[in-house]
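# Per-entry structural report
Read off the chains here:
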Amino acid sequence: MNYLENFGQYCLLMFRAFRQPGRNRFFREQLVREIDSLGVGSVGIIAIISLFMGAVIAIQMAANIESPLIPMYTVGYATRESVILEFSSTVIALILAGKVGSNIASEIGTMRVSEQIDALEIMGVNSAGYLILPKITAALLIIPILTLMSMFLGVWGGFFACTLTGLLDSPTYIQGITLDFRPYHLVYSLIKSLVFAFIITSVASFRGYYVRGGSREVGQTSTRAVVNASISILLWNLILTRLLLL
Amino acid sequence: MIEIKHLSKSFGENQVLHQIDAAFEEGKTNLIIGQSGSGKTVLMKCVVGLFEPTEGDVLYSGRSFTQASFNEKRNIRKEIGMVFQGGALFDSMTVEENVAFPLRMFTKESRSEVMDRADLCLKRVNLPKAHKLFPSEISGGMKKRVAIARAIALNPKYLFFDEPNSGLDPRTSILIDNLIQEITQEYQTVTVINTHDMNSVMEIGDKIFYIHKGHKHWQGDRVGIWESPNKELTDFVFATRLMRDIRSKNFKL
Ligand SMILES: Nc1ncnc2c1ncn2[C@@H]1O[C@H](COP(=O)(O)OP(=O)(O)O)[C@@H](O)[C@H]1O
Ligand SMILES: [Mg+2]
């Protein structure tokens, strides 16, 4: 019951956020700011995680190929596929759910408890549209790009790990990563990243928007936003994989 | 004039306001007084439409607010300015941008016209030099001033203040009170102020409404408040030793 009620409230809020937000001179300004904090603010951590992730996947692959019947370029092939299909979209989304989700929930939550949202409403501003829409739009634009970047770096992380440690020579790895490339897998992954981007920003905004109380509640709500968003991501990962890959 | 008619508000099972009636006049400072938790903020938020009243109506110069269509509500809201308890300044914007915000949102004026008007409003509240600072960089009293400047930016007909003195020292309180009174008379606004501060009552209370546990117990002016037979009101007014002393010495207003 509570879940249904929450979900209904969430849908209503999204409806309000997407309704034509009056004359919002501020949309472009806000969007640029969000893209900056979301994109530029997350590039570093995503680069590091992706490089290491790719490196570990490649080493694990190499370590597990014992049969001489399996060619060593499989390491490159399997690393590329794991990174593209799963790791870059899902792992990056989970990382961003923690970083961006908690940030959004506490920012909007603070605006709620300090009555800044009331101040917007009293001026006749559609606060949902004003605050939430730029965040969702920025995420939809930026997170797929971050995902692509992560794929690229993940594959190269594997390359460096294998070649620098002497597990594999570089032509073999490159042979693997160019083998049987299916663009549809990229599309599948980018669709996932769009859905995840929407989940992260909308769930976090929803949690922050309806917080009541003080700074303690804002803290609790940002944790809850991260948990809610992460679970939704895992669930939709399953659903989308079933729908798009089979 | 703002009229409140039989206004009640419940949150689930908890009824916070019971059948409140009141009328607030132009050019007057209308004070809603009462203890913390008595329902002042909820009442104010019902009046300005941030909460939906469970029952009753609010009339803005005869226009019903609860019955109003979406667009009518929007129009009434543009005539309302409100100063929230903590100031509610947007903390991602500078002082100047805060004041300019409603102007940029709702007028077609150019950027320089908007900034001139913001500057004027900031000067009106005696803050000539804080334009480029962020809310986190200014004192509580300055925040209140900025909030007032933002509230008067669009020349409102109705001004609401929720506890304008909370967290301020007595001298700053008096300055803010006087500022509110001056603005009210200058712009002939209907001004409604929530407060639990007896100093404000004595300084600027033209019309006073006493709320206790969500009921309106008394209304009158600041002379009448001394003679009211209402027990809850006298308990509230003479809660401090100072006020009791004033009474016992037959202090004349
Ligand atoms: N959003 C809300 N939901 C539920 N109860 C509320 C809400 N806001 C206020 N209340 C309750 O209404 C009562 C009056 O609060 P309030 O109007 O803030 O008092 P005050 O006179 O100090 O401003 C309090 O008991 C509070 O718990
Ligand atoms: Mg209050």
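Our structure's up above, just so we're on the same page.
Residues numbered from 1 in each chain as written. Chains lettered and ligands numbered in written order. Predicted model: local features only at pLDDT ≥ 70, side-chain atom pairs only at ≥ 80, totals over all residues. Heavy atoms only, no water.

### So, the site of ligand 1
Heads up, the rule is: Think of it this way: one heavy atom of a residue within 4 Å of a molecule or strand is enough to make that residue near it. Polar contacts here mean pairs of N or O atoms no more than 3.5 Å apart (in protein, one a potential hydrogen donor and the other a potential acceptor; neighbouring residues in sequence count only if both atoms are side-chain atoms). To qualify as a helix, a DSSP run of H or I must reach at least 4 residues; to qualify as a strand, a run of E must reach at least 2; elements of each kind are numbered from the N terminus. Three categories are distinguished: nonpolar for Ala, Val, Leu, Ile, Met, Phe, Trp, Tyr, Cys and Pro, charged for Asp, Glu, Lys and Arg, and polar for the others, with Gly belonging to the last.
Taken together, Arg212 of chain A together with Phe11, Val16, Gln35, Ser36, Gly37, Ser38, Gly39, Lys40, Thr41, Val42 and Phe51 of chain B form the complete shell of residues around ligand 1. Surrounding ligand 1 is a set of residues that belongs to chains A and B. The backbone of Gly37 of chain B places a nitrogen or oxygen atom 2.6 Å from an oxygen atom of ligand 1. Within the side chain of Thr41 of chain B, an N or O atom sits 2.6 Å from an oxygen atom of ligand 1. In terms of residue count, the dominant contributor to the shell around ligand 1 is helix H1 (residues 40-48) of chain B (three residues). Within the shell around ligand 1, the residues separate by chemical class into four nonpolar, six polar and two charged.

### Description of a nonpolar patch on the surface
Residue and element names in this part refer to chain A. Stated formally: Two joining distances apply to patches: 9 Å for like charges and 5 Å for nonpolar side chains (Val, Leu, Ile, Met, Phe, Trp, Tyr), and every residue must have over 30% relative accessible area and no salt bridge. Values of accessible area rely on a 1.4 Å probe in the Shrake-Rupley scheme; residue burial ignores everything except the protein chains shown. Note on definitions: salt bridges are taken to be side-chain nitrogens of Lys or Arg within 4 Å of carboxyl oxygens of Asp or Glu. Burial classification: accessible surface area is computed with a 1.4 Å probe over protein chains only, and a residue below 20% of its type maximum counts as buried, one above 50% as exposed, and the rest as partly exposed.
Taken together, the side chains of Ile48, Leu51, Phe52, Phe160 and Leu164 make up a nonpolar region of the molecular surface, amounting to roughly 560 Å² of accessible area. Mapped onto the nonpolar patch, the elements with two or more residues apiece are helix H2 (27-64) and helix H5 (127-164). Among the elements that line the nonpolar patch, the one with the most residues is H2, at three residues. When you line up the elements, Phe52 lands in helix H2. The class of Phe52 is exposed, set by a relative accessible area of 59%.

### Comments concerning the sheet that holds strand S9 (residues 207-212) of chain B
Strands in a sheet are paired, the pairing made by backbone hydrogen bonds, and the direction either parallel or antiparallel. Residues and elements named next belong to chain B. We apply this condition: Note on pairing: DSSP must find at least two bridges between two strands before they are called paired. To obtain each axis, a line is fitted to C-alpha atoms, and for helices this fit is confined to the stretch in contact; angles are then taken between N-to-C directions over 0 to 180 degrees. Whether two residues are in contact is decided by their heavy atoms, any of which lying within 4.5 Å being enough.
Strand order in this open sheet of six strands is S6-S7-S8-S3-S9-S10, and the pairing throughout is mixed. If you trace the sheet from one side to the other, it starts and ends with strand S6 (80-83) and strand S10 (215-220), each paired once. Neighbour to neighbour, the strand axes of the sheet diverge by 15° on average, direction disregarded. Across five bridges, the pairing between S9 and S10 is antiparallel. Looking across to S10, one finds that Tyr210 is bridged to Trp218. Taken strand by strand, helix H5 (residues 140-152) contacts S6 and strand S7 (158-162), and its axis lies near 170° from that of S6.

### Quick look at the packing of aromatic side chains
Given two aromatic rings, their pairing is described by the distance between the two centres and the angle made by the two planes. This is how the line gets drawn: Pairing of aromatic side chains here covers Phe, Tyr and the six-membered ring of Trp, requires ring centres within 6.5 Å, and sorts the geometry by plane angle: under 30 degrees stacked, over 60 edge-to-face, intermediate tilted. Our definition puts a charge over a ring when NZ of Lys or CZ of Arg is within 6 Å of the ring centre and also within 35 degrees of the ring normal.
Taken as a whole and judged by the stated rule, the model has 19 aromatic pairs over all chains. Plain terms: the ring middles of Phe26 of chain A and Phe101 of chain B are 4.8 Å apart, the flat faces sit at 35° to each other, and that makes the pair tilted. Of the two residues, Phe26 of chain A is situated in the loop between helix H1 (2-18) and H2 and Phe101 of chain B in helix H3 (residues 95-106); the pairing between them involves two chains. Taking the relative accessible area as the measure of exposure, Phe26 of chain A reaches 3% and is therefore buried. Residues Phe206 of chain A and Tyr210 of chain A carry aromatic rings whose centres are separated by 5.6 Å and whose planes lie at 65° to one another, so their mutual orientation is edge-to-face. Taken together, the ring pairs in this structure connect Phe7, Tyr10, Phe206, Tyr209 and Tyr210 of chain A into an aromatic cluster. Positioned above the aromatic ring of Phe65 of chain B, the side-chain terminus of Lys73 of chain B is 5.8 Å from the ring centre. The ring of Phe90 of chain B is capped by Arg150 of chain B, whose NZ or CZ atom sits 4.5 Å from the centre of that ring.

### Observations regarding unusual backbone geometry
All names here are of chain B. A positive phi angle, close to 45°, is found at His6, a residue other than glycine. The residue His6 is located in strand S1 (residues 2-11) in this model. Among the residues examined, His6 registers a relative accessible area of 42% and is labelled partly exposed. Positive phi is not limited to glycine here, since Asn126 has a value of about 60°. Turning to its location among the elements, Asn126 is positioned in the loop between helix H4 (111-124) and H5. For Asn126, a relative accessible area of 52% puts it in the exposed group.

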